[in-house]
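Coordinates in review
If you want the building blocks of each chain, they are given just below.
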Amino acid sequence: MRGIQLLGGALLAACLITPLSAQESEESGPFGGFKHNRKAPIEVTSDSLEVRQNESLAIFSGDVIAGQDTMRLNSDVLEVTYDEENESDSETGAIKHMLAIGNVFISNGAETAQGKRAEYDVELGKINMTGSVVLTQGGNVIAGETLVIDVNTGRGRVEGGRVKSIFTPKSAQQEDAASE
C-alpha cells in the first residue's frame, strides 16, 4: 500500500523540479524549473483504482488528479509499477516506473507542461513526455513533439518536428498582469 501512496509524488517530483528549455539549459534558463515541497502529503483521486498485486501494478483511471503541495498532475490514466521488496528506499519509495496516459497536464503555479503521454523511469531518472508537448511559464511557451528530462543532471530537451519557442520580455508580462 505504501507504493500506492507514493505514486503521485515520484512523477510529480521528477517532472516538476527540473529546469526546462527549448534545447538544453541550466536552472537560470527561461524555464527555471518546477519547484515544490517534496515532503508534503500526496493525494491521488480518480474514478477508479485497480491494484494488480501479482504484477506490482496500480492503475488509477478516469479523471486522475495527483497533488503534492502546489503541484498538480492530471491525466486520464496513471499506471504505477512498484517494488514491494524495496519500499524502504526513501528517494523513490517502492515506485519503479510511472506512466501517465491521455490529456497529461502538470502544473505548479504559472508553470505548466502538457502532452498526450508521460513516462518516468525512476531508476534511470528519465522522463519522456510525448504528443504535442507544450511548456509554459507566464508568457513564455515552448512546443515540440517530445520532452526528455534527465532528473539527475537537471537538463531538459524539447525536440521533434520544428520546435517553436515564444519568449515574452518580462516588461510585457508585467504590463499584461497589471492590466488584468
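Quick note: structure is the one above.
These remarks concern the structure in this document. What you see is a predicted model, and the numbers here were worked out from it, not measured in a lab.

Calculation notes
- Each chain carries its own residue numbering, running from 1 in the written order of its sequence.
- Thresholds applied to this predicted model are a pLDDT of at least 70 for local features of residues and 80 or more for the giving and counting of side-chain atom pairs; totals over whole chains, interfaces and linings are not thresholded and use all residues.
- Excluding hydrogens and water, the side-chain figures rest on all heavy atoms present in the structure.
- Comment: elements are numbered from the N terminus, with helices defined as DSSP H or I runs of at least four residues and strands as E runs of at least two.
- For every residue, the accessible area obtained with a 1.4 Å probe (protein chains only) is divided by the maximum for its type, and the residue is called buried under 20%, exposed over 50%, and partly exposed between those limits.
- By the convention used here, residues are in contact when the closest approach between their heavy atoms is within 4.5 Å.
- The protein chains shown are the only cover counted for residues, whose accessible areas, like all others here, come from Shrake-Rupley with a 1.4 Å probe.
- We define the nonpolar core as a collection of buried residues of types Ala, Val, Leu, Ile, Met, Phe, Trp, Tyr and Cys that are connected through side-chain atoms lying within 4.5 Å of one another.
- What makes a salt bridge here is a side-chain nitrogen of Lys or Arg within 4 Å of a carboxyl oxygen of Asp or Glu, nothing more.
- Only strands joined by at least two bridges in the DSSP assignment are considered to pair.
- The definition of a polar contact used here is a pair of N or O atoms within 3.5 Å, where within protein one atom must be able to donate a hydrogen and the other to accept one, and adjacent residues in sequence count solely through side-chain atom pairs.

Considerations on the overall build of the protein
Tallying secondary structure elements over the protein gives two helices and ten strands in all. When its helices and strands are written in sequence order, the protein yields α-β-β-β-β-β-β-β-β-β-β-α. The buried share among the 180 residues of the protein stands at 43%. Taking the contacts inside the protein whose residues are at least 6 apart along the sequence as the reference set, 47% of them involve residues at least 24 apart. Accessible surface, the protein as shown: approximately 9300 Å² in total, 47% of it carbon and sulfur.

Section: the nonpolar core
Nonpolar side chains in soluble globular proteins tend to end up buried together. Formed by 25 residues in total, the largest nonpolar core has its most connected members in Leu-78, Val-104, Met-129, Leu-135 and Leu-147. Elements with a contribution of two residues or more to this core: strand E3 (57-68), strand E4 (71-82), strand E5 (95-108), strand E6 (111-121), strand E7 (126-137) and strand E8 (140-150). In terms of residue count, E5 provides more of this core than any other element does, five residues in total.

Side note on the pattern of salt bridges
The final tally for this structure, using the stated rule, is four salt bridges. Among the salt bridges present, the one from Arg-52 reaches Glu-55, with a minimum N-O distance of 3.8 Å. One salt-bridge network, held together by shared partners, links Glu-50, Arg-52 and Glu-55.

A word on the pairing of strand E9 (residues 155-159)
Every second residue of E9 is oriented toward a common face, the buried set being Gly-156 and Val-158 and the non-buried set Arg-155, Arg-157 and Glu-159. Looking at chain direction, E8 and E9 are connected through five bridges and run antiparallel. Of the residues in E9, the one forming a bridge with Thr-146 is Glu-159.

Quick notes on the side chain of Ser-75
Within the secondary structure, Ser-75 is located in strand E4. Here Ser-75 falls in the buried class, since its relative accessible area comes to 4%. Among the polar contacts listed, one links the side chain of Ser-75 to the backbone oxygen of Val-77, at a separation of 3.0 Å. When residues no more than four places from it in sequence are discounted, the contact partners of Ser-75 are Asp-63, Val-64, Ala-100, Ile-101, Gly-102, Asn-103 and Val-104.

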